[in-house]
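Observations on chain architecture
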Amino acid sequence: MSATAQNTDANAAAGEQELTDGFNLIIDALKLNGLETIYGVPGIPITDFGRMAQASGIRVISFRHEQNAGYAASIAGFLTKKPGICLTVSAPGFLNGLTALAHATTNCFPMILISGSSEREIVDLQQGDYEEMDQLAIAKPLCKAAYRILHAQDIGIGIARAIRSAVSGRPGGVYLDLPAKLFGQVINAEIGRKSLVKVIDAAPAQIPAPDAIKRALDVLKGAKKPLIILGKGAAYAQADDTIRAFVEKSGVPFLPMSMGKGLLPDTHPLCAGAARSTVLKDSDVVMLIGARLNWLLSHGKGKTWGDAPKKFIQIDIEPREMDSNIEIVAPVVGDIGSCVSALLDGMDTMWPAPPVEWTGSVAKKRDENVAKMAPRLMNNNSPMDYHGALGVLRTVIKERPDAILVNEGANTLDLARGIIDIYQPRKRIDVGTWGVMGIGMGYAIAAAIETGKPVLAVEGDSAFGFSGMEVETIARYNLPVCIVIFNNDGIYRGTDVNKGGDDPATTVFVKGARYDKMMEAFGGVGVNATSPDELRRAVNAAMDSGKPTLINAVIDPAAGSESGRIGNLNPQSALSKKK
Ligand code: OXT
Ligand code: ADP
Ligand code: MG
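Quick caveat, the model's predicted, so the values are computed rather than measured.

About the criteria used
Residues numbered from 1 in each chain as written. Chains lettered and ligands numbered in written order. Predicted model: local features only at pLDDT ≥ 70, side-chain atom pairs only at ≥ 80, totals over all residues. Heavy atoms only, no water. Donors = N, O, S within 2.8 Å, 3.2 Å for Na, K, Ca; no water. Buried < 20%, exposed > 50% of the residue type's maximum accessible area, 1.4 Å probe, protein only. Helix = DSSP H or I, 4+ residues; strand = E, 2+ residues; numbered from the N terminus. Phe/Tyr/Trp six-rings, centres within 6.5 Å; stacked < 30°, edge-to-face > 60°. Near = heavy atom within 4 Å. Polar contact = N/O pair within 3.5 Å; in protein donor to acceptor, adjacent residues only side chain to side chain. Areas by Shrake-Rupley, 256 points an atom, 1.4 Å probe, with all protein chains shown as cover. Nonpolar A, V, L, I, M, F, W, Y, C, P; charged D, E, K, R; others polar. Domains from an automatic or database assignment. Arc of directions from axis to C-beta. Contact = heavy atoms within 4.5 Å. Salt bridge = Lys/Arg side-chain N within 4 Å of Asp/Glu carboxyl O. 1 Å grid on protein atoms, 1.4 Å probe; cavity = no way out; pocket = protein on both sides within 12 Å on 5 of 7 lines; lining within 4 Å. Points joined across faces, edges and corners; volume = space filled by probe spheres on them.

**Here's the deal with the coordination of the magnesium ion (ligand 3)**
Each pair of donors in an ideal four-coordinate tetrahedral metal site encloses 109.5 degrees, whereas pairs in an ideal six-coordinate octahedral site enclose 90 or 180 degrees. Distances from the magnesium ion (ligand 3) to its protein donors, Asp 461 (OD), Asn 488 (OD1) and Gly 490 (O), fall within 2.1 Å. For the magnesium ion (ligand 3), the single-chain donor residues occur in sequence as D-x26-N-x1-G. Overall, Asn 488 belongs to the buried group, its relative accessible area being 1%. For Gly 490, a relative accessible area of 3% translates into the label buried.

**Brief notes about helix H2 (residues 22-32)**
Within H2, nine of the eleven residues are buried, which leaves the element mostly enclosed by the surrounding structure. A positive backbone phi angle near 70° is found at Gly 34, which sits one or two residues after H2.

**A word on the packing of aromatic side chains**
Enumeration over the complete set of coordinates arrives at eight aromatic pairs. Centroid distance Phe 23 to Phe 183: 5.5 Å. Interplanar angle 45°. Geometry classified as tilted. You can see Phe 23 sitting in helix H2 and its partner Phe 183 sitting in helix H9 (residues 180-184), a full 160 residues away along the chain. Each member of the pair, Phe 23 as well as Phe 183, carries the same accessibility label: buried.

**Side note on the site of ligand 2**
Arg 170, Lys 232, Arg 292, Asp 316 and Ile 336 are the nearest of the 19 residues found near ligand 2. Here an oxygen atom of ligand 2 sits 2.8 Å away from a polar atom, N or O, in the side chain of Arg 292. Between ligand 2 and Asp 316, the relevant distance is 2.5 Å, taken from an oxygen atom to a side-chain nitrogen or oxygen of the residue. Notes on ligand 2: free accessible area 580 Å², of which the protein chains cover 96%. Sort the elements by how many residues they give to the shell around ligand 2 and helix H12 (residues 232-236) lands first, with three residues. Residues of the shell around ligand 2, tallied by class, amount to eight nonpolar, six polar and five charged. Each of domain 1 (20-195) and domain 2 (210-368) gives at least three residues to the shell around ligand 2.

**Describing the site of ligand 1**
Around ligand 1 there are 34 residues in total, and Ser 277, Tyr 386, Thr 412, Arg 417 and Asp 461 lie nearest to it. The contact in question runs from an oxygen atom of ligand 1 to an N or O atom on the backbone of Asn 411, over 2.8 Å. Contacts to ligand 1 include Asn 488, whose side-chain N or O atom sits 3.0 Å from an oxygen atom. Considered on its own, ligand 1 offers 1400 Å² of accessible surface; in the complex 79% of this is hidden by protein. When residues of the shell around ligand 1 are traced back to their parent elements, those giving at least two are helix H14 (276-282), helix H16 (356-373), helix H18 (411-419) and helix H20 (461-465). Element by element, the count of residues in the shell around ligand 1 is highest for H18, at six residues. Taken together, the residues that form the shell around ligand 1 break down as 17 nonpolar, twelve polar and five charged. When we break the shell around ligand 1 down by domain, the ones giving at least three residues each are domain 2 (210-368) and domain 3 (379-554).

**Describing helix H13 (residues 240-250)**
Among all positions in H13, only Asp 240, Ile 243, Phe 246, Val 247 and Ser 250 are buried. Looking straight down H13, one finds its buried side chains confined to an arc of 135°; they lie on one side. Close packing links the buried residues of H13 with helix H11 (210-221), strand S9 (226-230), H12, strand S10 (254-256), strand S11 (285-289) and helix H15 (336-346). At the C-terminal side of H13, Gly 251 shows a positive phi close to 70°.

**Quick notes on the pattern of salt bridges**
Going through the model one piece at a time under the given rule, you end up with 28 salt bridges. Put simply, Glu 121 and Lys 181 hold a salt bridge, and the shortest N to O gap is 3.1 Å. On the criterion of sequence distance, the pair formed by Glu 121 in helix H6 (residues 120-124) and Lys 181 in helix H9 is long-range, its members being 60 residues apart. In this structure Lys 181 comes out as partly exposed when scored by relative accessible area, which is 47%. Residues Asp 533 and Arg 536 are paired through a salt bridge, measuring 2.7 Å at the closest nitrogen-oxygen approach. One end of the pair, Asp 533, and the other, Arg 536, are both in helix H23 (residues 532-545), three residues apart, so they sit about a helical turn from each other.

**A short note on the side chain of Thr 473**
Topologically, Thr 473 is positioned in helix H21 (residues 471-476). On the accessibility criterion, Thr 473 (0% relative accessible area) is buried. A distance of 2.5 Å separates the side chain of Thr 473 from the side chain of Glu 470, its partner in a polar contact. The residues contacting Thr 473, other than those within four sequence positions of it, are Ile 61, Ser 62, Phe 63, Arg 64 and Ile 445.

**Concerning the layout of surface pockets**
Picture a little ball the size of a water molecule; that probe, rolled over the atoms, points out where space is still empty. If you add up the space inside the second largest pocket, you get close to 170 Å³. As for the second largest pocket, its lining consists of 13 residues, of which Pro 42, Gly 50, Arg 51, Val 60 and Ser 62 are closest to the centre. Listing elements by their share of the lining of the second largest pocket, those giving two or more residues are helix H3 (47-55) and strand S3 (59-62). If one sorts the elements of the lining of the second largest pocket by residue count, H3 sits on top with four residues. Tallied by class, the residues present in the lining of the second largest pocket amount to seven nonpolar, five polar and one charged.

Everything listed is a geometric property; what it means functionally is a separate question.
Here is the structure:
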């Protein structure tokens, strides 16, 4: 029964006018639109709202810091195609949630940050209200849309607008500002009920133009060395069978971006993940499906892409993405499900496979790289190196392909991305477009809550520190999350030395720290693993039991490299080099 209906019954029994209020209308509006989970941190003015939402059957997951709740909401949006909801208090809580809102927008994940706020009259005259801040103005440049609701009868339409803005077109973050007074505003229950809006077809299909499809197929057909790149937009679209059918019918090698892995298994015969530099350099036609030509693809130019002339086909819902970095000869604008099925329909029954010289050379390079890596993954060194430890985790995921892998760090990220094969769509979630540290525990919590599947979070020791306090949240909700911390005593490496004094170097942490004790402190399982064999036993036990577990994997402090695979992005001082 809706919250408003419960009040109505009580009022009718008392023979009074039927009333509802802001609290109840927000709850009813969210439920009416199937938004049944909230990630947040309570406090003035939203504490009672959280209680009432929980009492009404909404799942309210209470975090230790809003940034982690925000990251949880953002990835809930990616995993479900419904906006993830993050709820925060005013000013400081709002600001803590804002990084995640900006992250959602940058990564094209649908999310709504709902923040309580101070009263307009006082904020606008800057008279020093409790947690005073002009939140709407601050949020605007960091999200796709920002709205404020001032009257209870506008709650229905305000929430509908927020939902539609988050999920339609290119998905993104939306800010919804709810001043404290709104929650307690009382209105007639019937008027309230009628003001609610159920959003119909929140993300309408966007059908591509037939001539755009024909142009794209003509370019693809003319290719001698074609390549398909599958980005996280393709994973988000949930058009998994259509994408697989298209790739297989085309016979074109595909390169998955990090979160596009698993759309087709990394072990698929057409997967070129292990021949990345070869396919980027040597291909002549590249079809991007839900992937942007940003820094992760070297903007489509330069050394990475080699000298061979290239034509790009791009499928994206955002028309302005076309030609953002280089010329796109065949832009296809529409939602990926509609575009890829139109491409599939437009292919002749006898679609010619790409020349075997190309597919054969890609397969050969891939097999060579895989074979080169294989022996390194089998070592049982103690302390562990990255390859020994990741070899174990690769098998864990192979044996449990429906588990979700969360991954952050530098070396821990880059090496895990290459080594751990992914077999199903949306099973690898990571630092995304910004390469941001801190998504780990929020993502792990949301992945467990939204999917009910076991989660393996593979974390650099620095990366983990950004959201580490949420191990208490994981223990409190008894979530099936196994965290493995690659503990190499620091950021990139634990061997740096301060050349100017007694303070520790900026990149090193306490030597020999025991992160496993953190989980034990909250009643979960903690394990210290010093060899691949110990790691294997501990992870298997955790994944089988589903108990919250934190494994401190002791990694050689000298094993990593500066910034993992992206050390080239560090600016260098010409002066210090001369010294
Ligand atoms: O083809 P070639 O020969 O080139 O080979 C490629 C593949 O073909 C091959 N490959 C394989 N071989 C064999 N078998 C298999 N299966 C296979 N698969 C692939 O391997 C190579 C490499 O493949 P890859 O990875 O696909 O290709 P490449 O060239 O690396 O791809 C380029 C990129 C750019 C697409 C890729 O590198 C990428 O996606 N990179 C993302 C990088 C990223 O986002 N990093 C995170 C940011 S780093 C830094 O900023 C950090 N900070 C600062 C900070 C941040 N970020 N955020 C905030 C809020 N504050 C501060 C911090 C603090 S990282 C960091 C902490 C680090 O310390 P930790 O303790 O957490 O971690 P450790 O480093 O472990 O100590
Ligand atoms: P990656 O980092 O994996 O390369 P990006 O985040 O750069 O991926 O790109 C994702 C792209 O997917 C964005 O340009 C976004 O507009 C697009 N996108 C997201 N959802 C859809 C969809 N349903 N249909 C079409 N394009 C989409
Ligand atoms: Mg580290």
